[in-house]
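Here are the chains, one letter per residue:
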Amino acid sequence: SVRLQLTRIRYYLANGEIERAIRLSRRKVDQAYAEDRVADALRFKQYLGRSLAASGDFEQAYRVLDSWRSENEQWFAERSQEAARTLNEIREMEILRAEAE
């Protein structure tokens, strides 16, 4: 599960096993994107950035976290638009049902 893998990454970081945390984070980012699980990929990408920062590779950590921020904002904007469309559809159905009664 995603929660278990994130816990493993946090464990590696807490125990100074930075390279293991980086490898697992990268693998899980790639796997989640390949399976079209964007929300999970973003969660792992955030930990990849943290792991890279812990390793001292601040330049790469910045690039990863900047990419994460941008993708995260886009993902939330898309979800918000979908929610707004769904609410509009529900409202229209309620109006139609009220008119039919």
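Note that the structure is predicted; figures quoted are calculated from it, not measured.

Caption draft 1: Structural context of the packing of helix α1 (residues 2-14) against helix α2 (residues 18-34). Between α1 and α2, the least distance of the axes is 7 Å, while the angle of their chain directions is 155°. Looking at the two axes, α1 sits roughly antiparallel to α2. The two elements α1 and α2 cross, and the hand of that crossing is left-handed. Where α1 approaches α2, its residues Q5, R8, I9, Y12 and L13 are matched on the opposing element by I18, R20, A21, L24, S25 and K28. Of the residues in the contact of α1 with α2, the class split is 6 nonpolar, 2 polar and 3 charged.

Caption draft 2: Structural detail: the pattern of salt bridges. Under the definition given, this model contains 7 salt bridges. As a salt-bridge pair, R37 and D40 come within 2.6 Å of each other at their nearest N and O atoms. Here R37 falls in the partly exposed class, since its relative accessible area comes to 27%. Under the relative-accessibility criterion, D40 is labelled buried at 17%. A network of salt bridges, in which partner residues are shared, links E35, R37 and D40.

Rules used in this analysis
- Residues numbered from 1 in each chain as written.
- Predicted model: local features only at pLDDT ≥ 70, side-chain atom pairs only at ≥ 80, totals over all residues.
- Heavy atoms only, no water.
- Axes fitted to C-alpha atoms, helices over the stretch in contact; angles between N-to-C directions.
- Helix = DSSP H or I, 4+ residues; strand = E, 2+ residues; numbered from the N terminus.
- Parallel < 35°, antiparallel > 145°, perpendicular 65-115°, else oblique.
- Left-handed = near helix turned anticlockwise from the far one by under 90°.
- Contact = heavy atoms within 4.5 Å.
- Nonpolar A, V, L, I, M, F, W, Y, C, P; charged D, E, K, R; others polar.
- Salt bridge = Lys/Arg side-chain N within 4 Å of Asp/Glu carboxyl O.
- Buried < 20%, exposed > 50% of the residue type's maximum accessible area, 1.4 Å probe, protein only.

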